[in-house]
Amino acid sequence: MGMGGLAMKYDRPAGEWNEALPIGNGCMGAMVFGRPASERLQLNEDSLWYGGPRDRNNPDAAKVLPEIRRLIFEGKPGEAERLAVLGLSGIPETQRHYEPLGNLLLEFGGIDPDAVERYERRLDLERAVVTVEFTHRGVRHRREYFASYPDQAIIVRAAADRPGQISLTARLERAGWRYVDATGRSGTDAICMTGATGGEDGVSFAAVVAARAEGGALDAVGEHLVAERADSVTLVIAAATSFREKDPLARCLSHACAARAVPDDELLDRHVRDYRELFGRVSLTLAGSGNADRSGLPVPERLERLRGGEDDPELMALYFQYGRYLLIASSRPGSLPANLQGVWNDSFLPPWDSKYTININAQMNYWPAESCALPECHEPLFDLIERMREPGRRTARVMYGCRGFAAHHNTDIWADTAPQDTYIPASYWPLGAAWLCLHLWERFRFSRDFGFLGRAQETMKEAALFVMDYLVEAPSGELVTCPSVSPENRYVLPGGETGVLCAGPAMDTQIIRALLSACLEAERLLSDRTGAPCDEAFVREAERVLERLPKEKIGRLGTIQEWYEDYDEAEPGHRHISHLFALHPGDQITPRRTPELAEAARRTLERRLAHGGGHTGWSRAWIVNFWARLEDGERAHENLALLLGKSTLPNLLDDHPPFQIDGNFGGTAGIAEMLLQSHDGAIHLLPALPKAWPAGEVSGLRARGGYEVGIRWADGLLTEAWIKAGCDGVCTVRVPRKVEVRLGDQTVAVRRDARHADVLSFEARAGCRYVLTAQS
């Protein structure tokens, strides 16, 4: 993609929040509206949540658990559910919720919105800078907005092509000032806002705006910053809470004033250099069969054309990179993980509290982290998992009498692990920690970092101990979870009664099999590497449990069976497709190793879609990944087009509806899966390439085994690929046509797989770059 191709362009200011453009540095986020006269920056700080930590575990859980289990096994889900609401729910029933920081309101003097011409608003993904430009009565105005990670601040710069043209008044606001303890100024060039979020042990917060003007006059009056007839004005916004800082206001003031002392060019340069080190690792060019260049068109117009049936491969490449941009902007080392809205939320009671929903949504946020070369952005999730261990041990012990640590379908800033809500299809599902810990294993699979695995192993084992203790013997003698749910679907009993609570839903068994297998492999690998003995007792227990888990079942409709019994679904087009976890993000179902299960997975997807599935953004994104794993490029592309056409807002953010960021991250991961897969023992080049992308090039994607990969194709066929090895070992590649492998000017000896003509392997050395060239 050429310069200009990686910019999101608009020809008017944002009329509402869903048209504003996001910037962020992990801890802070802002939505930029780009209005010429009355500008608004809606601000967030990632640790600004209502209230403090609590122990919400229900002390009566252990008392009601045996009865709930008995009722489920006797086919009386309704009675079990009534008891669960009483005895398993958190007390109180809800966790903490995320809140906005407020708004920076900027009034620009002397600008008449009706006299604005040649307006342009753009987000440059290569620099992570929003620019707004317009002409007003012969003067060209330019404003730049960016969120700097090195300087931990948001920077706004307003200038014009003639001196003395910038007059502005700035003030900080939060919910009409109702949730603010104090606003005021610090000296003549900074304003501040402080408050607390209420609740016992709630967090206190502060925000500061420090200003610098070139030319003209600058003063602080009351709670306003006022610049008169300046050549340019630079605003530095800092925010902090007591979650991290003893004195948030002092921290903000020192931070903002330090950044204000840095020249504008240097602030921008530091920000761009830091951002590019992450963003610049992956490039993607997708060329269609036509040669129309739409990169100059406003994004809403491009989305409209896509809805009308036009192909726009460049828009899909832009969307892919926007997902990477959003992950960098909402999840950096030291920040909290990206929540349901990343870091961008303007509501005091946001949808689903803008928490971490860990029955898929928080996990989906991190699907692109490893494959799309942003492993640092994964770290905030690992930090949260570590913080969940202590509360999760208490939940496991108090509620279920189990070892290890457990979490349900939600957690919050305080790493709360007790059930959230009394929403029966979701609340009483105890495998949240088990699924999250698979992210630790994925990090190792991509990096081959044994130091990391050594640290992560105990956490994974702790989650495994819980699930092994939680399993109970079904009448068949198999081990199943009970009670649980298949998030968030309902089944129909033969008598017509609908149920939710169940024993042994397919997803639970798939997650447990994946986690125990990962723990066993980690034991073996670390023992081989260090010479230390394996934990024999754990290994024996895990192996025994694995032998007694139910096998995957294909139901009477030819689909993967969602529940332990072959029940009808109450909602065949349900947004959750939990029973295909083994296809993605898991890897127990693959077209080659398990062709019958892969065919049943295909039928499962077809049935879901035939009944209206994929109607939420994140669900559609998951479907893209499923089709990619089934190596069906046409269906993957069709659903990607639907994700953009039906579930994407004018600012390209994902629409559940309402806005929820997981679909952006799932969509980016899905595009990567279409081009490169590595979950099934080989680096698979172009596994699901659609006809709509006949030519293209991608570089910098990551594959499991510690590899970095680039691929070029034309006329729908691979022309060249390169693989850089991160460690010594045998590199196995599945490649759709005959290739020659070279290292520099040397031909590399390859072994062909006797059973699979498209699989070859060669000895790879760490740090070496191998070039695969197609042979005609």
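Refer to the structure above for everything that follows.
This one's a predicted model, so the numbers in the text were calculated from it and none came from an experiment.

Parameters at a glance
Residues numbered from 1 in each chain as written. Predicted model: local features only at pLDDT ≥ 70, side-chain atom pairs only at ≥ 80, totals over all residues. Heavy atoms only, no water. Helix = DSSP H or I, 4+ residues; strand = E, 2+ residues; numbered from the N terminus. Rg over C-alpha atoms; globule rule 2.2 N^0.38 Å. Buried < 20%, exposed > 50% of the residue type's maximum accessible area, 1.4 Å probe, protein only. Contact = heavy atoms within 4.5 Å. Areas by Shrake-Rupley, 256 points an atom, 1.4 Å probe, with all protein chains shown as cover. Lys, Arg positive; Asp, Glu negative; His and termini not counted. Charge placed at Lys NZ, Arg CZ, Asp CG, Glu CD. Pairing = 2+ DSSP bridges. Axes fitted to C-alpha atoms, helices over the stretch in contact; angles between N-to-C directions. 1 Å grid on protein atoms, 1.4 Å probe; cavity = no way out; pocket = protein on both sides within 12 Å on 5 of 7 lines; lining within 4 Å. Points joined across faces, edges and corners; volume = space filled by probe spheres on them. Nonpolar A, V, L, I, M, F, W, Y, C, P; charged D, E, K, R; others polar. Disulfide = S-S within 2.5 Å. Expected span 1.5 Å × (residues − 1). Arc of directions from axis to C-beta. Core = buried A, V, L, I, M, F, W, Y, C linked by side-chain atoms within 4.5 Å. Salt bridge = Lys/Arg side-chain N within 4 Å of Asp/Glu carboxyl O.

## Looking at the overall build of the protein
Then, in step 1: In terms of regular secondary structure, the protein is built from 18 helices and 35 strands.
Then, in step 2: Taken over the C-alpha trace, the protein has a radius of gyration of 27 Å; the compact-globule value for 776 residues is 28 Å, and the two agree within 12%.
Then, in step 3: Here the C-alpha coordinates of the protein stretch approximately 80 × 70 × 55 Å along the principal axes.
Then, in step 4: Each of the 776 residues in the protein was classed as buried or not, and the buried ones make up 62%.
Then, in step 5: In the protein, once contacts between residues fewer than 6 apart in sequence are set aside, the share between residues at least 24 apart is 70%.
Then, in step 6: As displayed, the protein offers around 27,300 Å² of accessible surface, 48% of which is attributable to carbon and sulfur atoms.
Then, in step 7: Taken together, the 89 basic and 109 acidic charged side chains of the protein have centroids lying 2 Å from each other.

## A short note on the sheet that holds strand E6 (residues 116–124)
Then, in step 1: Taken together, the 9 strands give an open sheet; going across it, the order is E1-E6-E7-E8-E9-E16-E13-E12-E11, and neighbouring strands pair in antiparallel fashion. Single-partner strands in this sheet number two, and they are strand E1 (7–10) and strand E11 (182–185). Pairwise comparison of adjacent strand axes, ignoring direction, gives a mean angle of 15 degrees for this sheet.
Then, in step 2: Alignment of strand E7 (residues 129–136) against strand E8 (residues 139–148), held across 7 bridges, turns out to be antiparallel. The residue bridging Glu133 from the neighbouring strand is Arg142, located in E8.

## What to know about the layout of surface pockets
Then, in step 1: What the largest pocket holds in volume is close to 940 Å³.
Then, in step 2: Counting residues per element, the ones that place at least two in the lining of the largest pocket are helix H8 (367–371), helix H11 (432–447), helix H13 (506–530), helix H18 (662–675) and strand E30 (729–734).
Then, in step 3: With 8 residues, H11 is the single largest residue contributor to the lining of the largest pocket.
Then, in step 4: Of the residues contributing to the lining of the largest pocket, the split by class is 19 nonpolar, 12 polar and 11 charged.

## Regarding the state of the cysteines
Then, in step 1: Tallied over the full model, the rule gives 0 disulfides.
Then, in step 2: With no disulfide partner, Cys377 has as its closest neighbouring cysteine sulfur the one in Cys372, 11 Å distant.
Then, in step 3: In this structure Cys437 is a free cysteine whose sulfur lies 7.9 Å from that of Cys519, the closest cysteine sulfur available.

## Examining empty space enclosed by the protein
Sizing a probe to match a water molecule and rolling it over the atoms shows the empty space that remains.
Then, in step 1: By the definition in use, this model includes 5 cavities of 30 Å³ or more.
Then, in step 2: Each pocket or cavity is described by its volume, and for the largest cavity that value is around 170 Å³.
Then, in step 3: Lining the largest cavity are 17 residues, and of these Leu557, Thr559, Ile560, Tyr567 and Glu569 sit closest to its centre.
Then, in step 4: Among the elements of the structure, strand E24 (568–569) and helix H15 (595–610) are those that each provide at least two residues to the lining of the largest cavity.
Then, in step 5: If one sorts the elements of the lining of the largest cavity by residue count, H15 sits on top with 3 residues.
Then, in step 6: Considering only residue class, the lining of the largest cavity consists of 5 nonpolar, 5 polar and 7 charged.
Then, in step 7: Estimates place the volume of the second largest cavity at around 100 Å³.
Then, in step 8: Gly504, Ala506, Thr509, Gln510, Arg513, Pro550, Lys551, Glu552, Lys553, Gln561, Trp563 and Tyr564 are the residues that line the second largest cavity.

## With respect to the pairing of E11
Then, in step 1: As paired elements, E11 and strand E12 (residues 190–196) share 4 bridges and run antiparallel to each other. Note on E12: the bridge partner recorded for Ala182 is Thr194.
Then, in step 2: Between E11 and the antiparallel strand that follows it, E12, lie 4 residues; Gly187 among them carries a positive phi value of about 70 degrees.

## Structural notes on the pairing of strand E15 (residues 224–230)
Then, in step 1: Two strands pair when backbone bridges link them, and strand E10 (residues 166–173) and E15 are joined in this way by 4 bridges, in the antiparallel orientation. If you follow Ala170 over to E15, its bridge partner there is Leu225.
Then, in step 2: Remark: 2 residues form the turn of the hairpin made by strand E14 (residues 217–221) and E15, two consecutive strands paired antiparallel; Gly222 in that turn has positive phi of roughly 60 degrees.

## Concerning the sheet that holds strand E26 (residues 683–685)
Then, in step 1: In space, the 5 strands of this open sheet follow the order E25-E26-E30-E34-E33, with mixed pairing throughout. A single partner strand is all that each edge strand has here, and the edge strands are strand E25 (676–677) and strand E33 (751–752).
Then, in step 2: Inspection of the sheet shows E30 paired to strand E34 (residues 759–764) by 6 bridges, in the antiparallel sense. Residue pairing for E34: Cys731 is matched across the bridge by Phe762.

## Thoughts on helix H3 (residues 248–260)
Residue pairs three or four apart in sequence face the same way in an α-helix, which turns once every 3.6 residues.
Then, in step 1: Here H3 spans 18 Å end to end across 13 residues, near enough to the 18 Å set by a 1.5 Å rise per residue.
Then, in step 2: For H3, every residue scored as buried is listed here: Pro248, Cys252, Ala256, Ala259 and Arg260. Buried residues of H3, seen end-on, are gathered within an arc of 100 degrees and therefore sit on one face of the element.

## Re unusual backbone geometry
Then, in step 1: Of note, the amide linkage connecting Ile91 to Pro92 takes the cis form, showing an omega dihedral of -5 degrees.
Then, in step 2: Tracing the backbone shows Pro92 in the loop between helix H2 (77–87) and strand E5 (102–108).
Then, in step 3: The linkage connecting His584 with the following residue, Pro585, adopts the cis geometry, with an omega of 10 degrees.
Then, in step 4: Here Pro585 is to be found in the loop between E24 and H15.
Then, in step 5: Despite not being glycine, Arg229 has its phi angle at roughly 50 degrees, a positive value.
Then, in step 6: Structurally, Arg229 is set in strand E15.
Then, in step 7: Even without being glycine, Arg448 reaches a positive phi, approximately 55 degrees.
Then, in step 8: Within the secondary structure layout, Arg448 lies in the loop between H11 and helix H12 (450–470).

## Quick look at the nonpolar core
Nonpolar side chains tend toward joint burial in soluble globular proteins.
Then, in step 1: Counting residues in hydrophobic clusters, the biggest one holds 238 residues, and the most contacted among them are Met8, Leu41, Leu104, Tyr325, Leu675, Leu685 and Trp693.
Then, in step 2: Here Trp693 is in contact with Leu286, Ala287, Pro313, Met316, His637, Leu640, Ile671, Met674, Leu675 and Trp713, once residues within four sequence places are set aside.

## Here we look at the pattern of salt bridges
Then, in step 1: Counting across every chain of the model gives 65 salt bridges.
Then, in step 2: Here Arg270 and Glu266 are joined by a salt bridge, their closest N and O atoms 3.4 Å apart. In this pair, Arg270 and Glu266 both sit in helix H4 (residues 264–279), 4 residues apart, roughly one turn of the helix.
Then, in step 3: We classify Arg270 as partly exposed; its relative accessible area is 25%.
Then, in step 4: Residue Asp469 is joined to Arg403 by a salt bridge in which the shortest nitrogen-to-oxygen separation is 2.8 Å. With Asp469 in helix H12 and Arg403 in the loop between helix H9 (375–400) and strand E19 (410–411), this residue pair connects regions lying 66 residues apart in the sequence.
Then, in step 5: A relative accessible area of 37% means that Arg403 is categorised as partly exposed.
Then, in step 6: Here the salt bridges do not stand alone but share partners, grouping Asp124, Arg127, Glu133, Arg142 and Glu144 into one network.

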